[in-house]
Amino acid sequence: MSTPAHDTEAAPQLGSGLKVRHLTMMGLGSTIGAGLFLGTGVAIQVAGPSALVAYILAGIMAILIMQMLGEMGTVIPASGSFSEYAEHAIGRWAGFTQGWIYWLATVAVLGAEITGASAFVAAWFNVSPWIPALIFVLFFGLVNLLRVRAFGEFEFWFAFVKVAVLVAFLVIGVLLVFGLLPGNSFIGLHNVQESGFTPNGVAGIASALLAVAFAFGGIEVVAIASAESEDPKKSLVNAVRSTITRVFVFYLGSVAIITLLLPYSEIGAADSAADSPFTKVLALAGIPGVVTFMEVVITLALLSAFNAQIYASSRMMFSLAQRHDAPSIFTKVNHRGVPTAAITLSIILSLIMVVLNYIDAAAVLTFMLNAAGASLLIVWVFITVSELRLRPRLEQKYDLPIRMWAHPYLNWAALVAFVLLAILMLSDASARVQLISAAVMFAILFVSSLVNSRARGLNPWEKAPLPEHV
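Residue positions within a chain follow its written sequence, with the count starting from 1. The predicted origin of the model limits local features to residues at a pLDDT of at least 70 and limits the giving and counting of side-chain atom pairs to 80 or more, whereas totals for whole chains, interfaces and linings rest on all residues. To get the side-chain values, take all heavy atoms of the structure and skip hydrogens and water.

Colleague: It is not clear to me how the environment of Gly29 should be interpreted in this structure. Could you clarify?
Modeller: With respect to the helices and strands, Gly29 occurs in helix H1 (residues 20-29). With a 1.4 Å probe rolled over the protein chains alone, any residue whose accessible area is under 20% of its type maximum counts as buried; one over 50% counts as exposed, and the rest are partly exposed. According to the relative accessible area criterion, Gly29 is buried, its value standing at 3%. Between the alpha carbons of Gly29 and Ala305 there is a distance of 9.7 Å; along the sequence they are 276 residues apart. Every residue in contact with Gly29, bar those within four places of it in the chain, is listed here: Ala159 and Lys162. Numbering of helices and strands starts at the N terminus; helices are DSSP runs of H or I of at least 4 residues and strands are runs of E of at least 2. Throughout, a residue-residue contact means that at least one pair of heavy atoms, one from each residue, lies within 4.5 Å.

Colleague: How do you make sense of empty space enclosed by the protein when you look at a structure like this?
Modeller: A probe matching the size of a water molecule, rolled over the atoms, marks out where space remains unfilled. A 1.4 Å probe that fits but cannot get out identifies a cavity on a 1 Å grid over protein atoms alone, an open set with protein on both sides within 12 Å along at least five of seven lines counts as a pocket, and a residue lines either if it has an atom within 4 Å of a point. Grid points are joined across faces, edges and corners, and a volume is the space filled by probe spheres set on the points. Tallying each qualifying case throughout the model produces one cavity of 30 Å³ or more. In terms of lining, the largest cavity is formed by Ile44, Gly48, Pro49, Asn191, Ser195, Thr259, Leu262, Tyr264 and Ile267.

Colleague: So what exactly am I meant to see when it comes to the environment of Ile32 here?
Modeller: Within the secondary structure, Ile32 sits in the loop between H1 and helix H2 (34-47). You can call Ile32 buried: its relative accessible area is 1%. Remark: the alpha-carbon pair of Ile32 and Ser304, spanning 272 residues in sequence, is separated by 9.6 Å.

Colleague: Looking at this structure, how should I read the layout of surface pockets?
Modeller: Quantified by volume, the second largest pocket comes out at close to 190 Å³. Forming the boundary of the second largest pocket are Leu377, Ile378, Val381, Leu415, Phe418, Val419, Ala422, Leu435, Ala438, Ala439 and Phe442. Sorting the residues of the lining of the second largest pocket by element identifies helix H16 (375-397), helix H17 (409-426) and helix H18 (429-455) as the ones contributing at least two each. All residues other than Ala, Val, Leu, Ile, Met, Phe, Trp, Tyr, Cys, Pro, Asp, Glu, Lys and Arg, Gly among them, are scored as polar; the first ten of these are nonpolar and the last four charged. A class-by-class count of the residues in the lining of the second largest pocket yields eleven nonpolar, no polar and no charged.

Colleague: Sorry, what's going on with the side chain of Glu155 here?
Modeller: Counting through the fold element by element, Glu155 comes out in helix H7 (residues 148-177). Despite its burial, Glu155 pairs with no opposite charge, the nearest such side chain being Lys162 at 5.5 Å. Among all residues touching Glu155, those that are not within four sequence positions of it are Met26, Ser304, Asn307 and Ala308. Only four residue types enter the tally: Lys and Arg on the positive side, Asp and Glu on the negative side, with His and both chain ends excluded. The working definition used for a salt bridge is a side-chain nitrogen of Lys or Arg within 4 Å of a carboxyl oxygen of Asp or Glu.

Colleague: I would appreciate a short explanation of the packing of aromatic side chains in the present structure.
Modeller: Aromatic ring pairs are defined here through the distance separating the ring centres and the angle between the ring planes. Ring pairs shown here join Phe, Tyr and Trp side chains whose ring centres sit within 6.5 Å, with only the six-membered ring taken for Trp; geometry is labelled stacked below 30 degrees between planes, edge-to-face above 60, and tilted in between. Inspection of the entire model under this criterion finds 26 aromatic pairs. Taking 5.9 Å as the distance between ring centres and 75 degrees as the angle between the ring planes, the aromatic pair formed by Phe140 and Phe154 counts as edge-to-face. Of this pair, Phe140 sits in helix H6 (residues 130-146) while Phe154 sits in helix H7, placing them 14 residues apart in sequence. With relative accessibility at 31%, the residue Phe154 sits in the partly exposed group. A ring pair is formed by Phe151 and Tyr311, whose centres lie 4.2 Å apart and whose planes are at 5 degrees; its orientation type is stacked.

Colleague: Just checking my understanding: could you explain H18 for this structure?
Modeller: Note on helix geometry: an α-helix contains 3.6 residues per turn, so any two residues three or four positions apart are oriented the same way. The end-to-end C-alpha separation of H18 is 39 Å, in line with the 39 Å expected for 27 residues at 1.5 Å each. Taken residue by residue, H18 has Ala431, Gln434, Leu435, Ala438, Met441, Leu445, Ser449, Asn452 and Ser453 as its buried positions. Looking one or two residues beyond H18, the residue adopting positive phi is Gly457, at roughly 70 degrees. A helix is expected to reach a length of 1.5 Å times the quantity of its residues less one.

Colleague: Would you mind showing me how to read the nonpolar core here?
Modeller: For soluble globular proteins, the rule of thumb is that nonpolar side chains tend to be buried together. Throughout this description, the term nonpolar core refers to a set of buried Ala, Val, Leu, Ile, Met, Phe, Trp, Tyr and Cys residues connected via side-chain atoms within 4.5 Å. Within the largest apolar cluster, 148 residues are counted, with the highest numbers of intra-cluster contacts made by Phe37, Phe82, Ile383 and Leu394. Considering every element that reaches this core, the biggest residue donor is helix H13 (residues 290-322), with 16 residues. Here Phe37 is in contact with Ile32, Leu166, Ser276, Pro277, Phe278, Met294, Val297, Ile298 and Ala301, once residues within four sequence places are set aside.

Colleague: Just checking my understanding: could you explain the packing of H17 against H18 for this structure?
Modeller: When two helices pack together, their arrangement is given by the angle between their axes and by how far apart the axes lie. Lines are fitted to the C-alpha atoms to define the axes, a helix being fitted only along its stretch in contact, and any angle between axes, read from their N-to-C directions, falls within 0 to 180 degrees. Look at H17 against H18: their axes get within 7 Å of each other, and the N-to-C directions meet at 120 degrees. Judged on the interaxial angle alone, H18 and H17 are oblique. Of the residues in H18, those in contact with Ala422, Met425 and Leu426 of H17 are Ala431, Arg432, Gln434 and Leu435. Angles are sorted into four bins: roughly parallel if under 35 degrees, roughly antiparallel if over 145, roughly perpendicular if 65 to 115, and oblique for all others.

Colleague: Quick question: what am I supposed to make of the pattern of salt bridges here?
Modeller: Working definition: two side chains of opposite charge can pair if their charged atoms are close together. The final tally for this structure, using the stated rule, is twelve salt bridges. The shortest N-O distance in the salt bridge between Glu71 and Arg391 comes to 3.0 Å. In this pair, Glu71 is assigned in helix H3 (residues 51-75) and Arg391 in helix H16, connecting sequence segments 320 residues apart. Note on accessibility: Glu71 and Arg391 belong to one class, buried. The shortest N-O distance in the salt bridge between Glu395 and Arg391 comes to 3.1 Å. Here Glu395 and its partner Arg391 are both found in helix H16, four residues apart, which amounts to about one turn of the helix.

Treat this as a map of the structure, not an account of what it does.
Laid out in structure tokens, this is it:
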């Protein structure tokens, strides 16, 4: 159950209906989104087969973050997760700032996901996009309002479908590479040799890294959800291990198959399912209706992300409110321990996105993606610093089932990597806008955190005490 950073008498508490299998499958599926199916070609287009290097670098960063979250989350399961850890490790201002940054970015992404999913469904049934968007918002809003286990079941099956599709894709891809399917000959390394592994050199890898740096965003939902699991420690341990091992299998395996089977000149940005490199690979196997199949898969991936973001945004708002960093109304829960007020807020904001979607879907999608921008980079920096500063205190107080490797050296290495990534982002026009927008957001929220603390008569630099019981 959630452990707030501030002790309050008779504070509303969340339920604990998620099972170990829910968290484990969420760990598998949390990083498999529409970006994988539609965005992979962007990285390969600029780097060729060496896009694998970019994915390896991004994957390593994500795995380090997950290990840090696992270490803190197994002993301090909390609905505010990394926001609460920042408050324990750095100060009240850090918990406020990080929590609100994550919440705002999550709400922004809600619009992008529902816009993308409704566009596909609207085309299938020849209806206006706002109709399926409205249905999806209301349906998944109801799912989240029922009980946390309903959310867990949907995410379990969403993740199961995505994992099954990727496993099938990898199997079919390997058979195609070796020419083991009827009508196909051995391809091997022919396409890689033709283009070269690094057709655009180191600059190409750097550009690819910009395209995939935040491809693994979503793993943090597992840490948030662990607070409502029946066995937080076991659930998070399993989720961390499954995420670490599968990130490389699914992402690197998929990219490797694509670069082996498709000529470098044919891979690029995908504006539709038909342009996706996954679709093109499956077409080589002669699978009928492959475009429609991929549209269904991408739609499910978008809906899974939307469902998860309603959950994550509501839990972060609940945590902020419980720590008096947001209006207290959002601490309201029903008899099942579901934060009804916080979920209702997410539903209302999603409905606003539906209206914007009806006005101009393409513009909204672009705006929302840019709004989320580099917020994840800020969150990752906070997580890294929090684990770095909390580790000695955690070792004294708790038995740690998960430990960050090579502490503190890998923490510092991660921070250096994040600084280099920020510098790289400054060199690209679109990434620069995202980074500057995130920096402005951080500055505004930092000042807001100081005002909030002063208004409550608190020291914004004071660290919240670690909970006595978890």
